[in-house]
Amino acid sequence: MTMTKRLLGAVAGTALLAGAASAETITVGYFLEWPMPFEYAKAEGLYEEAMGVEINWVSFDTGTAMSAAMASGDVQLSVSQGVPPFVVAASAGQDLQILDVAVSYADNDNCVVAEALEIDKDSAGELAGKKVAVPLGTAAHYGFLKQMSHFGVDLASLEIVDMAPPDGAAAIAQGAVDMACGWGGSLRRMKEHGNVLLTGAEKEELGILVFDVTSGPAGWVAENADLVAEFLKVTAEANAMWSDEANHAKMLPVIAKDAGMDETATAETLASFVFPTVADQLSAKWLGGGAQEFMKGVADVFVEAGSIDAALDSYADHVNIGPLTAASGM
């Protein structure tokens, strides 16, 4: 059975839900230049078919902006929000919940040193006194902090400027900063003007995991658990479609267009992404305990760096596997 046919069947089988929600519109945040299989379902209208609601898709530059939009009630779900901005918001008291693991991407989030400096991992100490563009409170920020700690670079010796990745890419291209951190299309543009200090595999060896989540305000999720389960189910099916290379020719042009990228760059980016299955996401490695422990680690690093005032004792209450578990049984 095709994905579309299954979703149409799901709509027919959940007429009560669709009828109750037919007049609703929800807003979902996502990133441009961050191609993922869900964008195929997004572009084809498969979420609306399955959920019975209108969806207003809004793009963001950072996960911190996603948190702010969810806090204001302007956004109900965010796809591929970085764990560090989620942790920053949760630590500050925002009642957000992680609903699934959207993507793992150690090679697609990094910091780039300007090529003129000729600094690599063997000479990283020479970064002292340099100007760095970092999107504060994001996965890139966390990776930057961990790398500087690994290399023994004193943060106080750096001039750290808060810049969204597109701005950081422009700044390193113009020679306005010595290093810039970011992801996706911005990272690709940064690499045109410099080099990374550590590869994704080298970062993972240091415990620098890089993954994003689908998140939402706890109150809204509780009131719309069935709707959220349908959303996660569509996402999981899009990921499953992409895992079969036979579907790439059909899906790639759609994903590329929706992400605002050319097909070559889209294919290269997707090749560096891992989309865990629902079973994997519910395992101990991810939402069964690993993600909670990782969030605590991220928070403690941010406290030590002075980026947040305090960490929570535990982040377990900020993970809700209910809708994803329900989605796995649909």
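Let us look at the structure shown here. For clarity, every value in this text was computed on a predicted model and none was experimentally measured.

1. Topic: the pattern of salt bridges
Charged atoms that come close allow side chains of opposite charge to pair.
In step 1: Applying the stated rule across the entire model yields four salt bridges.
In step 2: Between Lys296 and Asp300 there is a salt bridge, with its nearest N and O atoms 3.4 Å apart. Within this pair, Lys296 and its partner Asp300 are both found in helix α16 (residues 290-305), separated by four residues, close to a single helical turn.
In step 3: For Lys296, a relative accessible area of 24% translates into the label partly exposed.

2. What about the sheet that holds strand β1 (residues 25-31)?
In step 1: Pairing in this open sheet of five strands is mixed, and the strands run β2-β1-β3-β10-β4 from one edge to the other. Strands at the two margins of the open sheet, each flanked by one partner only, are β2 (54-60) and β4 (96-104). Looking at each pair of strands side by side, their axes are set apart by 25° on average, direction ignored.
In step 2: As paired elements, β1 and β2 share seven bridges and run parallel to each other. The partner of Phe31 across the bridge, within β2, is Phe60.

3. Digging into the environment of Lys257
In step 1: Among the secondary structure elements, Lys257 is positioned in helix α13 (residues 248-259).
In step 2: For Lys257, a relative accessible area of 73% corresponds to the exposed category.
In step 3: Along the primary structure Lys257 and Glu33 are separated by 224 residues, whereas in three dimensions their C-alpha atoms are 9.7 Å apart.

Criteria and thresholds
Residues numbered from 1 in each chain as written. Predicted model: local features only at pLDDT ≥ 70, side-chain atom pairs only at ≥ 80, totals over all residues. Heavy atoms only, no water. Salt bridge = Lys/Arg side-chain N within 4 Å of Asp/Glu carboxyl O. Helix = DSSP H or I, 4+ residues; strand = E, 2+ residues; numbered from the N terminus. Buried < 20%, exposed > 50% of the residue type's maximum accessible area, 1.4 Å probe, protein only. Pairing = 2+ DSSP bridges. Axes fitted to C-alpha atoms, helices over the stretch in contact; angles between N-to-C directions.

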